[in-house]
Amino acid sequence: MDETTARPGEKQEIVIAGAGYAGLHAVLRLGAWLEDKHDEVGLTLVDRYNYHQILTELPRVAGGARPAEDVRVPLREVLDKRVTFVQATITGFDFAGRRLLTEADAIPYTRLVLALGSRPNDFGIPGLAERALTLWSVEDARKVLAAIDTQFASAVSADDRAEQARRMTVVIGGAGATGVELAGELAEELPDIARRHGLDPALARIILIDAGPTILAGSSPGLIDRANGILRDLGVEVRTNSRVARATEDGFVLLSGDTIRGGVFVWAGGVKASELVAGSGLPVGNNGRVKVDQYLRALDRPEVYVAGDLASVTDPETGRAYPPTAQVALAEGKTVATNLFAEIAGRPLEPFEYDSKGLVVSVGPRSGVADVAGRTIGGRLAHLLKDAIEWEYRQSVKHLRGWSAIG
Ligand SMILES: Cc1cc2nc3c(=O)[nH]c(=O)nc-3n(C[C@H](O)[C@H](O)[C@H](O)COP(=O)(O)OP(=O)(O)OC[C@H]3O[C@@H](n4cnc5c(N)ncnc54)[C@H](O)[C@@H]3O)c2cc1C
């Protein structure tokens, strides 16, 4: 046994910070494995919300295809009775005193799991935070839809067609999976919203811009080609090699000097780690993510596990950190649960290993692209695959605890 691990039978207070993909699955697994045994172990989950958000479905909420309630999973319906849930905003850490600090009481722990996810990264681009909306919560998704509705409503009384068209243009910065999925969803919805306001649907535009040379950077050329084709068919205007230098009242001003004008601006250009870890003393790497050992424990803090977007875990094949995805977060949540249980049972810890299942991106409500099992597919099948992944995810929550509220 590693000298830093707990002794079996020792009193343990495990506190999991964050009920996202990594944190929820870690707590569900631990609850299921502990069953009614191990009275010496306390299990607490802390989140600012009393629900889990299926973030991967936010583009559909923003496009109006899905009600917000469908992608919020009430935690009381899924947690094991031995889990104490604390709804509170976490404000910091007292690592020396082993306490998680919240806006309410401090919560003592013997083992802490940090699974606080990430937040949009504006890369310090002037004006961006004020000018653009983001898509990182159900509330954000509602705001995007509401902003579109407000702009379209105001377009009705615009002085001329050019001004009407400007207000009916949605500009999305960042053509990674989130930007592409949002563009695809909106492409189908904007004409309907225009009609509802008695506007000419042909004036509705979506402009998807990216600083890099392609959309979906890092994906296979075949997948990128197909996604570009679907976006073209949907009428989305893609502008690559277009770095945003600043955002003003007029719109996104590019490095080239061009200004992309529009009515609604959404930033999906990247993520960075929760602000709480900066200055906390935990060693951080790229984008403020916490550096961990092979068991997913923070370096120099073996009593603190880190999982999900917040953890910087190096892919031995590429030498780069694994991307911040739900797929990686779930795998890390599982390893953290395994290792916490190993500590309780007096077994050796398991190193984290990751086997990617591939990439699936929906592009519009009926189509998509996917790289799976060494094959690139596009069209309806890829979209069905995306739906199947969501179904499987909801089943995994149900399987571990019994939740079955599928919207
Ligand atoms: C629009 C969108 C689409 C995406 N699509 C995909 C996709 O198709 N496939 C994919 O694999 N990944 C996708 N991702 C990425 C994926 O959602 C993240 O990688 C994943 O959510 C990371 O899981 P996590 O557990 O680290 O963090 P999260 O799921 O973000 O959970 C973090 C939790 O911590 C809580 N929290 C944070 N700070 C505090 C605080 N101070 N106090 C209290 N609680 C706090 C939050 O409320 C949240 O519940 C998408 C992300 C977005 C935004």
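Within each chain, residue numbers correspond to sequence positions counted from 1 in written order. pLDDT decides what is reported in this predicted model: residues at 70 or higher carry local features, side-chain atom pairs at 80 or more are listed and counted, and totals for whole chains, interfaces and linings draw on all residues regardless.

On to the overall build of the chain, then. Segments assigned H or I by DSSP are reported as helices when at least four residues long, segments assigned E as strands when at least two residues long, and all are numbered from the N terminus. A tally of regular secondary structure across the chain gives 9 helices and 25 strands. We take the radius of gyration over the C-alpha atoms and set the globule estimate at 2.2 Å times the residue count to the 0.38 power. Here the chain has a C-alpha radius of gyration of 22 Å; the compact-globule value for 407 residues is 22 Å, and the two agree. Oriented by its inertia axes, the alpha-carbon framework of the chain measures out at about 75 × 40 × 40 Å. Residues with at least 20 neighbouring C-beta atoms inside 10 Å of their own are called buried, those with 12 or fewer are called exposed, and the rest are partly exposed, where every C-beta is derived from the backbone. Taken over 407 residues, the chain has a buried fraction of 46%. Here the analysis covers contacts within the chain between residues at least 6 apart in sequence; of these, 65% occur between residues at least 24 apart. Two residues form a contact once the distance between their C-beta atoms, set from the backbone, is within 7 Å.

Time to look at the environment of Y354. Structurally, the position occupied by Y354 is in the loop between helix 8 (326–345) and strand 23 (359–362). With 32 residues separating them along the chain, Y354 and Y322 place their C-alpha atoms 9.1 Å apart. Setting aside chain neighbours within four positions, we find Y354 in contact with Y322, V328 and A331.

Owing to its 3.6 residues per turn, the α-helix brings residues three or four apart onto one side. Multiplying 1.5 Å by the helix residue count minus one yields the expected span of that helix. With 20 residues, helix 6 (residues 177–196) should cover 28 Å at 1.5 Å per step; its first-to-last C-alpha distance of 29 Å lies within 8% of that length. For helix 6, the principal kink sits at A187 and spans about 35°; a proline, P191, occurs within the next four residues. The buried fraction of helix 6 amounts to 14 of the 20 residues, a majority that puts the element mostly inside the structure. At the exit of helix 6 stands G198, carrying a positive phi of roughly 70°. The angle separating two fitted axes, one through the seven residues that finish at a residue and one through the seven that start at it, defines the bend at that residue.

A separate point is the site of the ligand. In this text, near has one meaning. A residue is near a molecule or strand if its C-beta atom, placed using the backbone, is within 6 Å of it. Around the ligand, the surrounding shell holds 32 residues, and the nearest of these are G18, G20, G117, G308 and T325. Broken down by secondary-structure element, the contributors of at least two residues to the shell around the ligand are helix 1 (21–34), helix 2 (58–62), helix 6 and helix 8. Of the residues contributing to the shell around the ligand, the split by class is 18 nonpolar, 11 polar and 3 charged. Boundaries of every domain are those given by an automatic assignment or by a domain database. Three or more residues apiece are contributed to the shell around the ligand by two domains, here domain 1 (12–48 + 88–120 + 271–356) and domain 2 (128–267). Polarity classes work like this: nonpolar for Ala, Val, Leu, Ile, Met, Phe, Trp, Tyr, Cys and Pro, charged for Asp, Glu, Lys and Arg, and polar for all others, with Gly in that last group.

Read from one edge to the other, the open sheet built from 3 strands follows the order 23-24-25, with strand pairing classed as antiparallel. The open sheet has two free edges, formed respectively by strand 23 and strand 25 (375–378), since each of these has just one partner strand. On average, adjacent strands in this sheet sit at an angle of 5° to one another, irrespective of strand direction. Here, any two strands with at least 2 DSSP bridges between them count as paired. Alignment of strand 24 (residues 368–372) against strand 25, held across 4 bridges, turns out to be antiparallel. What sits directly across from D371, in strand 25, is T376. Each of strand 23, strand 24 and strand 25 touches helix 7 (residues 221–234); the most contacted strand, strand 25, lies at about 5° to it. Under this scheme, a helix contributes an axis fitted over its contacting stretch, all axes are lines through C-alpha atoms, and angles between N-to-C directions fall in the 0 to 180 degree range.

Parsing the chain into structural domains produces domain 1 (12–48 + 88–120 + 271–356) and domain 2 (128–267). Inter-centroid distance (C-alpha atoms) of domain 1 to domain 2 is 35 Å.

When buried Ala, Val, Leu, Ile, Met, Phe, Trp, Tyr and Cys residues are joined through C-beta atoms within 7 Å, the set is termed a nonpolar core. Core analysis: the biggest nonpolar cluster contains 63 residues, and A183, I206, L208, A227 and V266 have the highest contact counts within it. For this core, the leading source of residues is helix 6, giving 8 residues. Ignoring anything within four residues of it in the chain, the contact list for I206 reads V170, I172, A183, L186, A187, L190, V236 and E237. By size, the runner-up hydrophobic cluster in this structure holds 56 residues, among which are V15, V292, A329 and V397.

Between its terminal C-alpha atoms helix 4 (residues 138–155) stretches 26 Å, which fits the 26 Å expected from 18 residues at 1.5 Å a residue. Of all the residues in helix 4, the buried ones are V138, A141, V144, I148, Q151, F152 and A155. Down the axis of helix 4, the smallest arc covering the buried residues is 165°, so these residues share one side. In this context, the arc is that of the directions from the helix axis out to the C-beta atoms.

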